[in-house]
Amino acid sequence: AILPARPQIALAVALLVALVPQHLAMMAAVNNDGLAEMIVGVTLWRLILYVKKGDPILSWAWLLGVLVGLGMLTKVSTLFLIGLVPLGMIWAWLHQRDRSPRALALRLGAFAMPLLLISGVWWVRNLTVYGFPDFLGLAAHNTVVVGQPRTADLIAQIGMGAYLRQAVQTTFQSFWGQFGWMELPLPTWAYQLIGAFLLAALAGIGLAFVRRGDTKPKQDGQSGAWALIGLTLVLALAQFVYYNTEFLQFQGRYIY
């Protein structure tokens, strides 16, 4: 959707996502990660098309609301979509023919209505079970995992510098492959090979922008699409960091 003239990039990215060892292990397990990933992926795809269309219709906004509502029923880590989608819609509104406040309000309303109807049922249920204001059940979760290691305890033991080194190394390793509930890492040479591959990929991206080829955004919709992808990465990392401010969870799979 972002680079229609270079379909080989989409194929390469799909293969990369499919063949990451840790990702394979998670998809082979019975959990809600696979469905959450699919909903996020489809939502991003539809949002990118929304932005590139330039003058999207109300039904597109409604569909985005349905997708985000289903995401909230699936896993709370899809929460960032509630902020990302309206930002994309506002960006599209700023670059369309009808820039009246009414047009924006109609589209945001069409997005919010199915989102609230679908996820609101679950939120009301949580309020009745856990009490106000724990509509996501996060406070209830924190009371259950009493024995889970805490970030503050580790920092007090080894210091901030050692903590950050351990966080970066373990997150990197567990993103690519660290199995058996973090007890079975890959061989050292495997991580070194992955690091070399990433350096080559970054060099290729840098070269592409230096050459100012078709990877450089040329249209308003193209720029918006790249901005949404970049913001998605930032929000995914921010959620990961935020969770680790309280609990010791250097599991790279959370970034998926």
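The structure we're discussing is the one just above.
Calculation rules
- Residues numbered from 1 in each chain as written.
- Predicted model: local features only at pLDDT ≥ 70, side-chain atom pairs only at ≥ 80, totals over all residues.
- Heavy atoms only, no water.
- Helix = DSSP H or I, 4+ residues; strand = E, 2+ residues; numbered from the N terminus.
- Buried < 20%, exposed > 50% of the residue type's maximum accessible area, 1.4 Å probe, protein only.
- Areas by Shrake-Rupley, 256 points an atom, 1.4 Å probe, with all protein chains shown as cover.
- Lys, Arg positive; Asp, Glu negative; His and termini not counted.
- Charge placed at Lys NZ, Arg CZ, Asp CG, Glu CD.
- Core = buried A, V, L, I, M, F, W, Y, C linked by side-chain atoms within 4.5 Å.
- Contact = heavy atoms within 4.5 Å.
- Axes fitted to C-alpha atoms, helices over the stretch in contact; angles between N-to-C directions.
- Parallel < 35°, antiparallel > 145°, perpendicular 65-115°, else oblique.
- Nonpolar A, V, L, I, M, F, W, Y, C, P; charged D, E, K, R; others polar.
- Salt bridge = Lys/Arg side-chain N within 4 Å of Asp/Glu carboxyl O.

**Student:** I would appreciate a short explanation of the overall build of the protein chain in the present structure.
**Tutor:** Check the secondary structure of the protein chain and you find twelve helices and one strand. Each helix and strand of the protein chain, ordered N terminal to C terminal, gives the series α-α-α-α-α-α-α-α-α-α-β-α-α. Across its three principal directions, the C-alpha atoms of the protein chain cover 60 × 55 × 35 Å. When each of the 256 residues of the protein chain is scored for burial, the buried share is 34%. About 15,000 Å² of surface is accessible on the protein chain, with carbon and sulfur atoms providing 72% of the total. Considering the protein chain, the positive charge centre built from 17 side chains and the negative charge centre built from 10 side chains are found 11 Å apart.

**Student:** Is there a simple way to think about the nonpolar core in this case?
**Tutor:** The nonpolar side chains of a soluble globular protein tend to be buried with one another. In this structure, Leu-84, Val-85 and Phe-111 are the most contacted members of the largest nonpolar core, which totals 20 residues. Other than its neighbours up to four places away in sequence, Leu-84 contacts Leu-44, Leu-47, Leu-228, Leu-231, Thr-232 and Leu-235.

**Student:** Any chance you could explain the packing of helix H9 (residues 160–176) against helix H11 (residues 188–210) here in plain terms?
**Tutor:** Contact geometry of H9 with H11 gives a least axis separation of 11 Å together with a crossing angle of 90°. The angle between H9 and H11 falls in the class roughly perpendicular. Contacts from Phe-172, Gln-173 and Trp-176 in H9 reach Tyr-191, Ile-194, Gly-195 and Leu-198 in H11. When grouped by side-chain class, the residues that make up the contact of H9 with H11 number five nonpolar, two polar and no charged.

**Student:** Can you walk me through the pattern of salt bridges in this structure?
**Tutor:** Should their charged atoms come close, side chains of opposite charge can pair. Going through the model one piece at a time under the given rule, you end up with three salt bridges. In this structure, the salt-bridge partner of Lys-75 is Asp-33, at a minimum N-O distance of 2.3 Å. Taken together, the positions of Lys-75 in the loop between helix H4 (58–74) and helix H5 (81–94) and Asp-33 in helix H3 (residues 33–53) put the pair 42 residues apart, joining distant regions of the chain. The shortest N-O distance in the salt bridge between Glu-246 and Arg-150 comes to 2.9 Å. Taken together, the residues Glu-246 in the segment after helix H12 (220–244) and Arg-150 in the loop between helix H7 (138–144) and helix H8 (151–158) connect sequence positions 96 residues apart. Judged by relative accessible area, Glu-246 falls into the partly exposed class, the value being 35%. With relative accessibility at 23%, the residue Arg-150 sits in the partly exposed group. Salt bridges linked by common partners bring Asp-33, Lys-75 and Arg-253 together as one network.

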